Amino acid sequence: MKMHKGKGSNNSTVENVNNAKDVVYATNITVGGKEFPIQLDTGSSDLWIKPPFNVTFTNQTNIQANLTFGIGAVSGNIAFADVSLGPYHVNSQALVNATTATDFGAIFNNGIFGIMGLAFDQASTVFVETLLSFGRNNTQGRTFLGNIFAQNTSAPNLFTVLLGRTDDPNGDQEGVFTIGEYEPVFKNITSQPKLNRTPAQLVNITTEPRWSIQMDKMVVNRKEFKFNKSNVAEAAAGKTVMVLDTGFTFSQFPPAAVDFIYSSIEGSKFNKTSGLWEVPCENTTNLEFDFGGKKFPIHPLDITVVKNVGNKTVCQNTFRNLNLPASALGSDIGFDAIMGVPFLKNVYASFDFGDVGKDNKTLGVPFVQMLSTTPDAAEALREFNKVRPKQVAYAEKLASSGATGAISFNDDAVLNSLSLGSTFSSEVPLVKRAIRMVVSGHFPIHRLVPQRVRHCIHSAARSRPVVLALLAGAIFLSLSSCVIGVILAVRMYMRSRASEEDGYEPIFDADDGTTNENDDYERSIYD
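Residues numbered from 1 in each chain as written. Predicted model: local features only at pLDDT ≥ 70, side-chain atom pairs only at ≥ 80, totals over all residues. Heavy atoms only, no water.

### Description of the environment of Gly 310
Next up, step 1: Structurally, Gly 310 is set in the loop between strand 21 (304–309) and strand 22 (312–317).
Next up, step 2: The class for Gly 310 is exposed, based on a relative accessible area of 58%.
Next up, step 3: Expressed as a C-alpha distance, the spacing of Gly 310 and Ala 399, which sit 89 residues apart in the sequence, is 8.5 Å. (Helix = DSSP H or I, 4+ residues; strand = E, 2+ residues; numbered from the N terminus. Buried < 20%, exposed > 50% of the residue type's maximum accessible area, 1.4 Å probe, protein only.)

If you want it as structure tokens, here you go:
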């Protein structure tokens, strides 16, 4: 999430609110003729890059842009470069050519050289600064998605995200990111409730427009937690405004809500030194969130994370205390909590901008639709009992070698065994210039699928007879690089379809009851 920083403000570093060694989701982008991975972030709007090599700019300015995130800060001048993402291309896309980027070592070390924000133009520092410099009606500073939608008026103004979860410490964590189309496996998402952006921010923009929606309730072991009254005036009574943010490794909640979740796990203790809950790695709880009258259970693997602390392996909470810069925590903050990766791994989400007018203003309220991807309770618990011991064993192996920190399975040995690719659906016709690509939690840059292979895949997906002919010919001839790309894409696509939309029942039975955010909830604290 990008926090607002006014023009001319200082570049002070914001304290990290998530662990830099945990999973980040990225995909390939080509900027100024150079291809490299970039993080996808629904919590910000700007595109910024800081690659260790030169890219070709179409224009450079002396307009400075300062971006402050919950996990770091970036500053640099606004520049323009040709940018491509899959089949999409934008000439002279505005971006921040970062000269300084603090607290982004984790993404840089994994060969990721920037962030692409997926939120709104009105929340973009680049967009605002170019308006101030070039005039009110200037659109040169539009976001990448804003430009794509302007170029493709017949396609829906939406993107979808599916964040993957590995079932093996040595396995990849894949997901899906689409523009202008839905993942066919989850086509029923169009019938799900439309969760309008709150606050709507259509006329008077008082806070940065975000992908923030209203949550009905949070339930732990069949007991509902009562949040305080929302900070957002537009929120309905009893609702809590949540930001959906792929850039937050750990969700950010009020402390009382965090305590309510983790005190329900047998053997859990709150470590007042670290400010985190430590949980027996083999134990879990039943956690679900309700949006629009629909239940979204959280997989046990996403409730805790395996970490090495000192000379021991522990499991810590993934839903953590809200911890943002003091300047951001005001009465007009515009949200109550942040749903990060632990929640988003459990849903397939569509982010719809609605129709956009010629003046670049949204004509209707943007909205989100979601489908649960978490299996039923029994299957989820079986997966947890199968995977968690592998995670702990892997952590202990790293601990024996002196490694510490979160276990996200992204060390060099694992990176060298993984690959990142792209694929297109062949089951349904593609929306005009729509894109479907696989995104990954691991980024071995030298093993990325080349752009020419992706174009070959795209062409093959649109012409199934050609693909079949090529595959038949491959029996007798050496495979061309195009056919190799198709085979790899199909295999990765089949893996991504493994998720099922089953129901979910509580893992543990408990009596009905409620707890209020203001209640003095008892913690088990280390002395």
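### Regarding the packing of aromatic side chains
Next up, step 1: A complete count under the given rule lists 27 aromatic pairs for this structure.
Next up, step 2: Between the aromatic rings of Phe 253 and Phe 289, the centroid separation amounts to 5.7 Å while the plane-to-plane angle is 70°, which identifies the pairing as edge-to-face. Here Phe 253 is found in strand 16 (residues 251–253), whereas its partner Phe 289 is found in strand 19 (residues 287–291), with 36 residues between them in sequence. Grouping residues by exposure puts Phe 253 and Phe 289 together as buried.
Next up, step 3: Put simply, the rings of Phe 225, Phe 227, Phe 253, Phe 260, Phe 289, Phe 291, Phe 296, Phe 319 and Phe 343 touch in pairs and so form one group of aromatic residues.
Next up, step 4: When the ring centre of Phe 120 is taken as reference, the NZ or CZ atom of Arg 197 above it lies at 4.3 Å. (Phe/Tyr/Trp six-rings, centres within 6.5 Å; stacked < 30°, edge-to-face > 60°. Lys NZ or Arg CZ within 6 Å of the ring centre and 35° of its normal.)

### Thoughts on the nonpolar core
Next up, step 1: Core analysis: the largest hydrophobic core is formed by 70 residues, its most contacted members being Met 218, Phe 253, Phe 289, Phe 291, Phe 343 and Met 370.
Next up, step 2: Beyond its immediate chain neighbours, meaning those up to four positions away, Phe 289 contacts Met 215, Lys 217, Met 218, Phe 253, Lys 294, Lys 295, Phe 296, Ile 298, Phe 319, Met 339 and Phe 343.
Next up, step 3: Residues Val 74, Phe 80, Ala 94 and Val 126 belong to the second largest nonpolar core, which totals 20 residues. (Core = buried A, V, L, I, M, F, W, Y, C linked by side-chain atoms within 4.5 Å. Contact = heavy atoms within 4.5 Å.)

### A closer look at the pairing of strand 8 (residues 114–117)
Next up, step 1: Across the two faces of strand 8 the burial is the same, with Gly 114 and Met 116 and Ile 115 and Gly 117 all buried.
Next up, step 2: Across 3 bridges, strand 3 (residues 34–41) lies against strand 8 in parallel orientation. Within the sheet, the bridge partner assigned to Asp 41 lies in strand 8 and is Gly 117.
Next up, step 3: Pairing geometry for strand 4 (residues 47–49) and strand 8, over 3 bridges, is antiparallel. Each residue of the ladder has a partner; that of Leu 47, found in strand 8, is Met 116. (Pairing = 2+ DSSP bridges.)

### Points about unusual backbone geometry
Next up, step 1: The peptide bond linking Thr 198 to Pro 199 adopts the cis configuration, its omega dihedral lying at 0°.
Next up, step 2: Examined against the element boundaries, Pro 199 turns out to sit in the loop between strand 11 (195–196) and strand 12 (212–215).
Next up, step 3: Phi at Ser 92 takes a positive value of approximately 55°, unusual for a residue other than glycine.
Next up, step 4: As for its placement among the helices and strands, Ser 92 is situated in strand 7 (residues 88–102).
Next up, step 5: For Ser 92, a relative accessible area of 33% puts it in the partly exposed group.
Next up, step 6: Phi angles above zero are rare outside glycine, and Asn 221 is one such case at about 50°.
Next up, step 7: Position of Asn 221 relative to the elements: it lies in the loop between strand 13 (217–220) and strand 14 (223–226).
Next up, step 8: Looking at Asn 221, the relative accessible area reads 9%, which means it is buried.

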